[in-house]
Amino acid sequence: MIIIFLGPPGSGKGTQAKKLAEDRHWPQLSTGDMLRKAKTEQTAFGSAARKAMDEGQLVPDQLVIDLIGARIEMADCANGFILDGFPRNLPQAQALDQLLAARRKTISAVVLFQIPDAVLVERLAGRRTCLGCGEMYHLVNFPSEKAGICDRCGAEVVQRLDDQADVVMKRIQIYHHSTEPLQVYYRGQKKLLLLDASQGVGLVSRELMGVLS
Ligand code: AP5
């Protein structure tokens, strides 16, 4: 299956994609994670993306389309994958359709994470991310046992630059302006499934399994 997780920043796409990936053995293709890795490794992709990411803007379409085009060629994607954070606007969605059509594949479902903006701000303000393994924490909801240290790998746990309040507001605005219109695109393709993402993690997981089945 090829599943797209569509939703605003902080709606829990990454959290649920990781759980589903473990459960179903489909890889999670997160353009945000790929770009952050490229930034850390100071690759050409990373340098091209850095400024836009730090300011909460979308990186150029062709850059992420190339990234996804190369990734879906890999062997672990043969039986399906979860797209987390891609596509994010109409040109990316159209490019994805073309990439998949060229490989005689098609999207199985697009899950829309529905959640009020006020909850997003609270979730992102409290999110902390491990610099080593990428494990995610929340200062109130899921704190690490030792403040600032990852329970899993012992590396430092920090706030993402783009999780600072002013950048979060920008990312939410960009979601409403550029990404939200994809709901109409995928509803037109009869692929859109709705999910109440404002519940606790366990309840969201359970509802996700229900809508996918
Ligand atoms: P990206 O990393 O994709 O960020 P995002 O879409 O803004 O999503 P987030 O990672 O912020 O949130 P999420 O929905 O995954 O929520 P999470 O599970 O982490 O992109 C970053 C940047 O990269 C973009 O701004 C852009 O510059 C660039 N980029 C990436 N893709 C691109 C593309 N296709 N085109 C152009 N540019 C692109 O959860 C958030 C917090 O809430 C965590 O602390 C978590 O523990 C907590 N939480 C999760 N679920 C729950 C729950 N149910 N209840 C309570 N707390 C919860």
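Conventions we followed
- Just so you know, the residues in each chain are numbered from 1, in the order the chain's sequence is written.
- Residues qualify for local features only when their pLDDT is at least 70, as the model is predicted, and side-chain atom pairs are given and counted only at 80 or more; totals for whole chains, interfaces and linings, by contrast, use all residues.
- Heavy atoms throughout the structure, all of them, feed into the side-chain values; hydrogens and water do not.
- A run of H or I in DSSP counts as a helix once it spans at least four residues, and a run of E counts as a strand once it spans at least two, with each numbered from the N terminus.
- Between the two quantities, the radius of gyration covers C-alpha atoms and the globule rule is 2.2 Å times the number of residues to the power 0.38.
- Only protein chains enter the calculation, and the probe is 1.4 Å; a residue is then buried if its accessible area is under 20% of its type maximum, exposed if over 50%, and partly exposed in between.
- We call two residues in contact when some of their heavy atoms are within 4.5 Å.
- By the counting rule applied here, Lys and Arg register as positive and Asp and Glu as negative, while His and the ends of each chain are not counted.
- The atom standing in for a charge is NZ when the residue is Lys, CZ when it is Arg, CG when it is Asp and CD when it is Glu.
- Here the axes come from fitting lines to C-alpha atoms, over the contacting stretch only for helices, and the angles between their N-to-C directions go from 0 to 180 degrees.
- The cut-offs work like this: below 35 degrees is roughly parallel, past 145 is roughly antiparallel, 65 to 115 is roughly perpendicular, and the gaps in between are oblique.
- In a left-handed crossing the near helix is turned counterclockwise from the far helix by less than a right angle, and in a right-handed crossing that turn is clockwise.
- Three categories are distinguished: nonpolar for Ala, Val, Leu, Ile, Met, Phe, Trp, Tyr, Cys and Pro, charged for Asp, Glu, Lys and Arg, and polar for the others, with Gly belonging to the last.
- Here the rule is simple: two strands pair whenever DSSP picks up at least two bridges between them.

Caption draft 1: Representation of the overall build of the protein. Within the protein, the secondary structure is distributed over nine helices and eight strands. A compact globule built from 213 residues would reach a C-alpha radius of gyration of about 17 Å, and the protein, at 17 Å, matches this within 12%. Expressed along its principal axes, the backbone C-alpha trace of the protein runs to roughly 50 × 40 × 35 Å. Counting the 213 residues in the protein, one finds 46% classified as buried. Partitioning the intrachain contacts of the protein with sequence separation of at least 6 by distance along the chain shows that 69% fall at a separation of at least 24. Where the 26 positive side-chain charges of the protein centre and where its 24 negative ones centre are 3 Å apart.

Caption draft 2: Representation of the packing of helix 6 (residues 117–126) against helix 7 (residues 165–179) within the structure. For the pair helix 6 and helix 7, the least separation of the axes is 10 Å and the interaxial angle reads 140°. Classified by the angle between their axes, helix 6 and helix 7 sit oblique to one another. Relative to helix 7, helix 6 is oriented so that their crossing is right-handed. Counted together, D117, L120, V121 and L124 of helix 6 and V168, M169, R171, I172 and H176 of helix 7 form the full contact between these two elements. When grouped by side-chain class, the residues that make up the contact of helix 6 with helix 7 number six nonpolar, one polar and two charged.

Caption draft 3: Inspection of the pairing of strand 5 (residues 127–130) at higher detail. The alternating pattern of strand 5 places R127 and T129 on one face and R128 and C130 on the opposite face, and all of these are buried. Where strand 5 meets strand 6 (residues 136–138), three bridges bridge the pair, whose relative direction is antiparallel. Bridge assignment links R127 to a residue of strand 6, and that residue is H138. Between the antiparallel neighbours strand 5 and strand 6 lie five residues, among them G134 with a positive phi of about 85°. Taken together, the two bridges between strand 5 and strand 7 (residues 157–158) define a ladder with antiparallel strand orientation. Residue C130 lies in a different strand from strand 7, and its bridge partner there is V157.

That is the geometry; function is a separate question.
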